[in-house]
Amino acid sequence: MEPATEGRGTPLSLPRTAAWVWHAEPRSIFGLDAVFVRCANGTSTTSTSGDGFDFADNYRRWQDTRGPAVVPWTWFGPPASSDGTAAADLLCQIGGAQPLYVVEIGFKAPAEEVVAFAKRMRERQPAALLGFSTYPTRAEATANGVPWDVCVAVFDLGLPQVYTAKQRLELLRPDSPVVADMAGKPIHVVVCPDSDPGWLEAAKAAMARHAGVSAWAVDQASFTTWRRHLSGLADERPAAKPPSTSRSALTDELPATEAAEEAAPPSPSPLSPGPGPVPAPTPIAAGDGGPAPIPTPPRPAGLEPGAQALLANRIIAIVQAHLDAGGTLSDDQLLSEVERALGDATAG
C-alpha cells in the first residue's frame, strides 16, 4: 500500500491486497494490507434477515483492533433501503472520516438513488475515494437490474466480483469486458476462493495489471489458507501496468438511464443477498456558463501506476465538489485542497 496519508493518518491509496468481512469478528489479517469491513445495511446497521446482528458494532470492534487497515463498506439497494442520501449519511456517521469507502450495489438499486448516494458522499467527504462492487461486466450487471452506467460515472473505481471460472476467463481475455466496461477507471478485483478453484490466476492478473485484489471472505473457514497465498502475491508481482486514467467529463446532471429489462433474480452473491453499478456526466459549467476545463496537475513522481490513476480521480472529485458548492477554479481554497492531495500522495 502507498504510504501517503490523509491528515497524516490513514493510507490514501487502495490496498494492494485485502480481505472482506461480513459477520466475522476481529482476527489477524497478517500479510494483507487491509480488510474491508461491513458497517451498515442501507439506512440500517442491522441485517434484514432478522438475526439481530449489528454491523456497526462489529465494524467498531475491527477498528479498535486493526485501526487504519480497516476500510468501511456498506450494502445499498434491495432488500435494504434505497434512500441514497440517508445511506450515505449513515456510512459517514459510522465509518468516520476515511480516505476510501466501498459500497456494494444491490439488485435493482434505483439509479437516481445511486446518484444521490454519491452526491451526498462528495458533500460530506469530498477528498475521499468512492468504490463500488457488483457483477464484473456491464452485461451481467444490467441483466440483474444494476444501474451500471451510473455507477461507472459517479464512483472513482470499481471492485468487480470475479467469483466463477466464466467471470475469471472474462477478466483474463485480451479484450476483457471487465476492463473495457469500466471506461478507463481503476479496478480492484474481488475473488472468491471457495467458489472458483482457479481464483489465484485472477488474483495474479489483478496484481500485475490492475490496482490490486481482495478476497471474499474472512467469514469462511478457508480464510487462513487463502490468506497466505494472497499475501504472498505482493512479493512476487511484476511491475504493474498503468490503468488508463481517462474519465468521462463531469457534469452537474446525469443522463436518464435506460429502463432495465425485467430479469429473474440472480444467484446469491457470495458477498450479500444481492449485488450492483450506471451512466456518465457532462462538463461542469463555469461561473460564466461556459465549460470549465479542469486543470491537469503534474503527475507526482514515485507513485505506482494504480496509485496515479486513483490520485487523478481524487483530484477530479475535489474539483467537482468545490464547483458544486458554488466555488470557482481560481479560488485559493481549491488550490490548497489540490496541493494537499498531491502532498498526501507523495508523503513518505
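Please refer to the structure higher up on the page.
Notes on the structure in this doc start here. Being a predicted model, the structure only gives us computed values, none of them experimental.

Turning to helix H3 (residues 111-124), a few remarks are in order. Here H3 contains 14 residues, and its C-alpha end-to-end distance of 20 Å stays within 8% of the 20 Å for a straight helix at 1.5 Å per residue. For H3, the set of buried residues is Ala111, Val114, Ala116, Phe117, Ala118, Met121 and Arg122.

What follows is about the pattern of salt bridges. Counted according to the given criterion, the structure contains 11 salt bridges. Glu123 is the salt-bridge partner of Lys119, the closest N and O atoms lying 2.7 Å from each other. Pair noted here: Lys119 and Glu123 are both in helix H3, with a separation of four residues, about one helical turn. You can call Glu123 partly exposed: its relative accessible area is 42%. For Arg168, the salt bridge goes to Asp196, with nearest N and O atoms at 2.8 Å. Of this pair, Arg168 sits in helix H6 (residues 165-172) while Asp196 sits in the loop between strand S7 (188-191) and helix H8 (199-209), and the two are 28 residues apart along the sequence. Accessibility expressed as a relative area gives 2% for Asp196, which makes it buried. Where salt bridges share partners, they join Asp89, Lys119, Arg120, Glu123 and Arg124 into one cluster.

We now examine the sheet that holds strand S6 (residues 157-162). Strand order in this closed barrel of eight strands is S1-S2-S3-S4-S5-S6-S7-S8, and the pairing throughout is parallel. Within this sheet the neighbouring strands show an average axis-to-axis angle of 30°, counted without direction. The pairing of strand S1 (residues 17-21) with strand S8 (residues 212-215) spans three bridges and is classified as parallel. What sits directly across from Thr17, in S8, is Val213. Packed on one face of the sheet, helix H2 (residues 84-95) meets strand S2 (34-41), strand S3 (70-76) and strand S4 (100-105) and runs near 160° to S3.

What follows concerns the nonpolar core. If you look at the biggest cluster of nonpolar residues, it comprises 62 residues, and the most contacted ones within it are Ile105, Val114, Phe117, Phe132, Phe155 and Leu230. Aside from chain neighbours lying at most four places away, what touches Phe155 is Val103, Ile105, Val114, Phe117, Arg122, Leu130, Gly131, Phe132 and Lys185. With 18 residues, the next largest nonpolar core counts Leu100, Leu129, Ala211 and Trp216 among its residues.

This next bit is on the pairing of S2. In terms of residue burial, S2 counts as a mostly covered element, since eight of its eight residues are buried. Summarising the sheet, S2 and S3 pair through six bridges and their orientation is parallel. If you follow Val35 over to S3, its bridge partner there is Val70. Crossover handedness for the path S2 to helix H1 (residues 55-66) to S3: right-handed.

Below, the discussion takes up the packing of H2 against H3. Viewed as axis vectors pointing N to C, H2 and H3 meet at an angle of 40°, and their least axial separation amounts to 7 Å. Comparing their axes, H3 and H2 come out oblique. Note on packing geometry: the crossing formed by H2 with H3 is right-handed. The residues of H3 that touch H2, namely those facing Gly84, Thr85, Ala87, Ala88, Asp89, Leu91, Cys92 and Gln93, are Glu113, Ala116, Phe117, Arg120, Met121 and Arg124.

Rules behind the numbers
Residues numbered from 1 in each chain as written. Predicted model: local features only at pLDDT ≥ 70, side-chain atom pairs only at ≥ 80, totals over all residues. Heavy atoms only, no water. Helix = DSSP H or I, 4+ residues; strand = E, 2+ residues; numbered from the N terminus. Expected span 1.5 Å × (residues − 1). Buried < 20%, exposed > 50% of the residue type's maximum accessible area, 1.4 Å probe, protein only. Salt bridge = Lys/Arg side-chain N within 4 Å of Asp/Glu carboxyl O. Pairing = 2+ DSSP bridges. Axes fitted to C-alpha atoms, helices over the stretch in contact; angles between N-to-C directions. Contact = heavy atoms within 4.5 Å. Core = buried A, V, L, I, M, F, W, Y, C linked by side-chain atoms within 4.5 Å. Right-handed = clockwise from strand over helix to strand, strands pointing away. Parallel < 35°, antiparallel > 145°, perpendicular 65-115°, else oblique. Left-handed = near helix turned anticlockwise from the far one by under 90°.

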